[in-house]
Amino acid sequence: MFANRLTKNQKHLAKWRKRDKVSCYHLYDADMPEYALAVDVYESALQPGQCWVHVQEYEAPKRIDALKAQQRLQEAVQVIQEELGVTESDLFLKVRRQQKGTAQYEKLASEKTFYEVMEGGNRFWVNFSDYLDTGLFLDHRITRGMLTELARGRRFLNLFAYTGSATVYAARGGAITTTTVDMSHTYLDWARRNMQLNGFVDTTHEYIQANCIEWLQQAAGKHQFDLIFLDPPSFSSSKRMASTFDVQRDHVMLLKATMKLLTPDGVLIFSNNLRSFKMDLEAMMGFVFKDISRASLSRDFERNPKIHRCWQIMHRHG
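Residues numbered from 1 in each chain as written. Predicted model: local features only at pLDDT ≥ 70, side-chain atom pairs only at ≥ 80, totals over all residues. Heavy atoms only, no water.

**Q** Before we move on, can you summarise the overall build of the protein chain with the specific residues and values?
**A** Regarding its fold elements, the protein chain presents 7 helices and 15 strands. What you see for the protein chain is a C-alpha radius of gyration of 20 Å, in line with the 20 Å of a compact globule of 318 residues. Projected onto the principal axes, the alpha-carbon positions of the protein chain cover approximately 60 × 45 × 35 Å. Going through the 318 residues of the protein chain one by one, you find that 52% of them count as buried. When contacts within the protein chain are restricted to residue pairs at least 6 apart in sequence, long-range pairs at least 24 apart make up 64% of them. When the accessible surface of the protein chain is summed, it comes to about 15,900 Å², and 51% of that surface belongs to carbon and sulfur atoms. Across the protein chain, the 42 positively charged side chains and the 37 negatively charged ones have centroids separated by 4 Å. (Helix = DSSP H or I, 4+ residues; strand = E, 2+ residues; numbered from the N terminus. Rg over C-alpha atoms; globule rule 2.2 N^0.38 Å. Buried < 20%, exposed > 50% of the residue type's maximum accessible area, 1.4 Å probe, protein only. Contact = heavy atoms within 4.5 Å. Areas by Shrake-Rupley, 256 points an atom, 1.4 Å probe, with all protein chains shown as cover. Lys, Arg positive; Asp, Glu negative; His and termini not counted. Charge placed at Lys NZ, Arg CZ, Asp CG, Glu CD.)

See below:
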């Protein structure tokens, strides 16, 4: 049953992948309740035919027999290897638990092994072993493409930048400057390496290690940007932060602070992954909102429309 589902999903995505030249994609996401896994495939940018499979098991509820769950997982891993033709060393398995605070960014290992993949004509370093996530959020493939289309001649700001993939897309689209802000030195260095991998090495590209909320307050009145990408975590707490961040509670404050840095004709792309998120439009009356959530959802995520929410926000004129 599981093998059949993987084959069916591969067939369903085949034409789309060929047409859009998609080489890193979401193949399976708990389609069958018995196999509560997420399966992502990453093809090598350097070796045709070489691919790696990133498997995340959703933690089983306490009522499920642990031994039975373990047996089913082993069975699923074997099926994935056979169906996708990958060796054991090219499959990476993790358990995805409910993340609290900084847990989503904590290290799982320290292998420091990076692999080069391709997306949208850009190259990226991914890491399958050291963190829960690989360094490239596949559900934002279309959103990043939008940034390329909007970037020409614009000054670009990437907040909560993670590994800077959005910055690479904006630079590819012809942004005249890019500013990449993240609190993590590790991710900022990763962002710089992703930019270097694509030939973007000059001084028009700036990297700032800072708490984004504090930085926004300090930057008000000093900096202006024509295009901003804002993709905050749902919740965050850190040794470097005096308080917690909650996207539902704090989004109005965050958006208003960000809009102070946006030029009158600029565009802000705001997204988050909180499934229950509700935008407080009443508190944001001075701005024009366009919900682009559906438009930003690619074929491999259509079964999971709540994977992220996304808006295009501009200043209201007149």
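Back to the text.
**Q** Talk me through the environment of Asp-139; I want residue IDs and the actual numbers.
**A** Along the polypeptide, Asp-139 turns up in the loop between β6 (122-126) and α3 (141-150). A distance of 2.7 Å separates a polar atom in the side chain of Asp-139 from a polar atom in the side chain of His-308. (Polar contact = N/O pair within 3.5 Å; in protein donor to acceptor, adjacent residues only side chain to side chain.)

**Q** Help me get a handle on the environment of Leu-132, residues and values and all.
**A** Its location among the elements puts Leu-132 in the loop between β6 and α3. Sequence separation between Leu-132 and Val-95 is 37 residues, and the spatial gap between their C-alpha atoms is 8.4 Å.

**Q** Lay out the pattern of salt bridges with the relevant residues and their values.
**A** Side-chain pairs of opposite charge can arise whenever the charged atoms involved come near each other. The final tally for this structure, using the stated rule, is 10 salt bridges. Its salt-bridge partner being Arg-303, residue Asp-31 comes within 3.2 Å of it at the nearest N-O pair. Within this pair, whereas Asp-31 is found in the loop between β1 (24-29) and β2 (37-43), its partner Arg-303 is found in the loop between β14 (287-291) and β15 (309-315), the two being separated by 272 residues in sequence. Under the relative-accessibility criterion, Arg-303 is labelled exposed at 55%. Of the charged contacts in the structure, one is a salt bridge between Asp-291 and Arg-309, with a shortest N-O distance of 3.2 Å. With a gap of 18 residues between them, Asp-291 in strand β14 and Arg-309 in strand β15 connect regions that are remote in the sequence. In this structure Asp-291 comes out as partly exposed when scored by relative accessible area, which is 45%. Residue classification places Arg-309 among the partly exposed residues on the basis of a relative accessible area of 25%. Three or more residues are tied together by salt bridges with common partners; here these are Arg-5, Asp-31 and Arg-303. (Salt bridge = Lys/Arg side-chain N within 4 Å of Asp/Glu carboxyl O.)

**Q** Account for the sheet that holds strand β3 (residues 51-58), naming residues and giving values.
**A** Strand order in this open sheet of 4 strands is β1-β2-β3-β4, and the pairing throughout is mixed. Each end of this open sheet is capped by a strand with a single partner; those strands are β1 and β4 (91-96). The sheet shows a mean angle of 20° between the axes of neighbouring strands, taken without regard to direction. In this sheet, β3 lies alongside β2 in antiparallel orientation, the contact comprising 7 bridges. (Pairing = 2+ DSSP bridges. Axes fitted to C-alpha atoms, helices over the stretch in contact; angles between N-to-C directions.)

**Q** Now, about helix α4 (residues 165-172): what can you tell me, with residues and values included?
**A** Among the 8 residues of α4, 7 are classified as buried, and the element is accordingly described as predominantly covered. All of the buried residues in α4 are Ser-165, Ala-166, Thr-167, Val-168, Tyr-169, Ala-170 and Ala-171. Positive backbone phi, at 100°, marks Gly-174, one or two positions downstream of α4.

**Q** So what's going on with the packing of aromatic side chains? Residues and values would help.
**A** As enumerated under the stated definition, the model contains 19 aromatic pairs in all. Between Tyr-42 and Phe-128 the ring centres are 5.1 Å apart and the planes differ by 70°, which places this aromatic pair in the edge-to-face class. Linking Tyr-42 in strand β2 with Phe-128 in the loop between β6 and α3, this pair joins segments that are 86 residues apart in sequence. Comparing Tyr-42 with Phe-128, the two get one shared label, buried. Ring geometry for Tyr-162 and Tyr-187: centres 4.8 Å apart, planes at 65°, overall edge-to-face. Separated by 25 residues along the polypeptide, Tyr-162 in the loop between β7 (155-159) and α4 and Tyr-187 in helix α5 (residues 185-197) bring together distant segments of the chain. By the burial criterion, Tyr-162 is buried, and Tyr-187 matches it. Sitting over the ring of Tyr-35, Arg-72 keeps its end group 5.8 Å from the ring centre. The side chain of Arg-193 reaches across the aromatic face of Phe-114, ending 4.5 Å from its centre. (Phe/Tyr/Trp six-rings, centres within 6.5 Å; stacked < 30°, edge-to-face > 60°. Lys NZ or Arg CZ within 6 Å of the ring centre and 35° of its normal.)

**Q** Before we move on, could you go through the pairing of strand β5 (residues 115-119) and cite the residues and values that matter?
**A** Within β5, 4 of the 5 residues are buried, which leaves it mostly tucked inside the rest of the structure. Where β5 lies against β6, 5 bridges are found, and the strand directions are antiparallel. Bridge assignment links Val-117 to a residue of β6, and that residue is Phe-124. Connecting the antiparallel pair β5 and β6 is a turn made up of 2 residues, with Gly-120 showing a positive phi of about 55°.

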